[in-house]
Amino acid sequence: MVSKIDEKKAIVFGLTNQLDLAKLVANSLRIKLTEIDTTIFSDKEILVKSSKTVRNKIAYIICSLDSHNALMELLLFVDSLKRASVSRVIVISTYMCYSRQDRKTSQRESIGAKLIAKLLETAGVDKLISFDLHNPSIQGFYDIPVDDLRWIYQLTNSLYKEEKKMKFTIVSPDHGGAVRARRFAELITKDIKIAIIDKRRTQPNVSEIVGLLGEVKNKNCIIIDDIIDTGGTILKAAKYLKESGANNIYLAATHGLFSKGFEMFENSDYIDKVFISDSIPKVNKINSEKLKIISLESMISKIIELDFHSKSISELYTLKK
Ligand code: R5P
């Protein structure tokens, strides 16, 4: 079968934590993933390099910046490619750490998302493709092109059949997610209603709900967020909806960090399903009937194919109804 990209001109890599996803992407592009040779020294420093020549080729690197190690691995690998005369480096990072540090909210804070942009550009990244950046304005922190793709298209494609029976109300767990909830609602059907939870963050990772805008009584709800970290925000929102008379409650988020584990979702009797992407690879290790993983694989394969052939990516923003 003919490859979807020309392997003489382009090469695809998967960094450690997204190697399985990268293999699926390579399979769907009908190419071979190129191996990365990694040496780990006794002090835990790493040395990474392509196992094959990259001279004058486009390198696509699939990774998830979900930890400091992953970030360092990417920076070193990009540097190695540049020094080996690659033509362009295109990073497809399913998750971008420090995206929530996108501005100073009090004195003497850093702006982590801007620093990550500077680090990637300094290493030599020519283009970044990512998914649901916490704040789309982060694109402007970069002087290279950034494609901020939306997992909700993939999610909506998977939810059509269910929506016909369930008639959901889409709920944002805070004011900041209202636009996301509205966009998601409109993708499903034009007349779908949204509700917004009035949340106040009292300390880092701690929040309090003070009210609800919209109607959820006797409704099936999907709470949509970009990130589930500790789970505090979305679990409190789900409890609040249940106490306000909601029927079935589904949760959906692109990035499942689950930094306090999945047990509290598993054990919650007011949560029926949790939809998540595989942007954070460890979600694949969670074994739960409640968890539905909707992979980014097809979007990544498609964007590599379109980018390689210099085609518009607008088809990634259309639904397969
Ligand atoms: C906040 O602005 C984000 O969109 C998420 O709501 C937040 O990061 C989720 O964190 P946690 O699960 O710890 O409440």
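Predicted model only: the values in this text are computed from it and were never measured. (Residues numbered from 1 in each chain as written. Predicted model: local features only at pLDDT ≥ 70, side-chain atom pairs only at ≥ 80, totals over all residues. Heavy atoms only, no water.)

Right, let's get into the sheet that holds strand 7 (residues 146-149). Strand order in the open sheet formed by five strands is 1-4-5-6-7, and the pairing between neighbours is parallel. Only two strands of the sheet have a single partner each, and these edge strands are strand 1 (10-14) and strand 7. If you compare each strand with its neighbour and ignore which way they point, the axes differ by 15° on average. Bridge analysis of strand 4 (residues 58-65) against strand 5 (residues 88-96) gives seven bridges, and the strand direction is parallel. Its bridge partner being in strand 5, I58 is matched across the sheet by R88. Packed on one face of the sheet, helix 8 (residues 297-308) meets strand 1, strand 4, strand 5, strand 6 (127-131) and strand 7 and runs near 155° to strand 4. (Pairing = 2+ DSSP bridges. Helix = DSSP H or I, 4+ residues; strand = E, 2+ residues; numbered from the N terminus. Axes fitted to C-alpha atoms, helices over the stretch in contact; angles between N-to-C directions. Contact = heavy atoms within 4.5 Å.)

Take the domain arrangement of the protein next. When the domains of the protein are assigned, the result is domain 1 (10-150 + 298-317) and domain 2 (152-295). On a C-alpha basis, the centres of domain 1 and domain 2 stand 28 Å from each other. In this assembly, 16 residues from domain 1 lie in contact with 16 residues from domain 2. At the boundary of domain 1 with domain 2, total buried surface from both sides reaches about 1400 Å², with 52% on carbon and sulfur atoms. Among the residues domain 1 hides against domain 2, the three largest losses belong to Y95, D132 and R150. Together they make up 36% of the total. (Domains from an automatic or database assignment. Buried area = accessible area lost by both parts, 1.4 Å probe.)

The next subject is the sheet that holds strand 9 (residues 194-203). Spatially, 10-9-8-11-12-13-14 is the arrangement adopted by the seven strands of the open sheet, whose pairing is mixed. For this open sheet the edge positions go to strand 10 (206-213) and strand 14 (291-293), each flanked by a neighbour on one side alone. Neighbouring strand axes in the sheet, compared pairwise and without regard to direction, differ in orientation by 25° on average. Pairing analysis gives three bridges linking strand 13 (residues 273-276) to strand 14, with the strands arranged parallel. Residue pairing across strands places V274 opposite L291, the latter belonging to strand 14. Here helix 5 (residues 178-188) sits on the sheet in contact with strand 8 (168-172), strand 9 and strand 11 (220-228), set at roughly 160° to strand 8. Contacts from helix 6 (residues 232-243) reach strand 8, strand 9, strand 10, strand 11 and strand 12 (249-256) within the one sheet, and its direction differs from that of strand 10 by about 35°.

This next bit is on the site of the ligand. Near the ligand, the surroundings consist of 14 residues, among which D225, D226, T230, G231 and T233 are the closest. Between T230 and the ligand, the recorded distance is 2.5 Å, taken from a side-chain N or O atom to an oxygen atom. Between the ligand and G231, the relevant distance is 2.7 Å, taken from an oxygen atom to a main-chain nitrogen or oxygen of the residue. Considered on its own, the ligand offers 380 Å² of accessible surface; in the complex 91% of this is hidden by protein. Among the detected pockets, the ligand sits in the largest pocket. Of all elements in the fold, only strand 11 and helix 6 reach the threshold of two or more residues within the shell around the ligand. Looking at the shell around the ligand element by element, the count peaks at four residues for strand 11. Taken together, the residues that form the shell around the ligand break down as two nonpolar, six polar and six charged. (Near = heavy atom within 4 Å. Polar contact = N/O pair within 3.5 Å; in protein donor to acceptor, adjacent residues only side chain to side chain. Areas by Shrake-Rupley, 256 points an atom, 1.4 Å probe, with all protein chains shown as cover. 1 Å grid on protein atoms, 1.4 Å probe; cavity = no way out; pocket = protein on both sides within 12 Å on 5 of 7 lines; lining within 4 Å. Sits in = over half its atoms within 2 Å of the grid points. Nonpolar A, V, L, I, M, F, W, Y, C, P; charged D, E, K, R; others polar.)

Here the focus is the nonpolar core. Ranked by size, the top nonpolar core spans 49 residues in total, and within it Y60, I62, L155, I170, F184, I300 and I304 carry the most contacts. Residue-level mapping places this core at the junction of two domains, with at least three residues from each of domain 1 (10-150 + 298-317) and domain 2 (152-295). Leave out the neighbours within four places in its chain, and Y60 touches A10, I11, V12, F13, I90, I92, I304, D307 and F308. The next biggest cluster of nonpolar side chains, apart from the first, holds 39 residues, and it includes V48, L74, V86 and I144. (Core = buried A, V, L, I, M, F, W, Y, C linked by side-chain atoms within 4.5 Å. Buried < 20%, exposed > 50% of the residue type's maximum accessible area, 1.4 Å probe, protein only.)

This next bit is on unusual backbone geometry. Positioned with a positive phi, R108 is a non-glycine residue whose angle comes to about 70°. Looking at the element boundaries, R108 is found in the loop between strand 5 and helix 3 (112-123).

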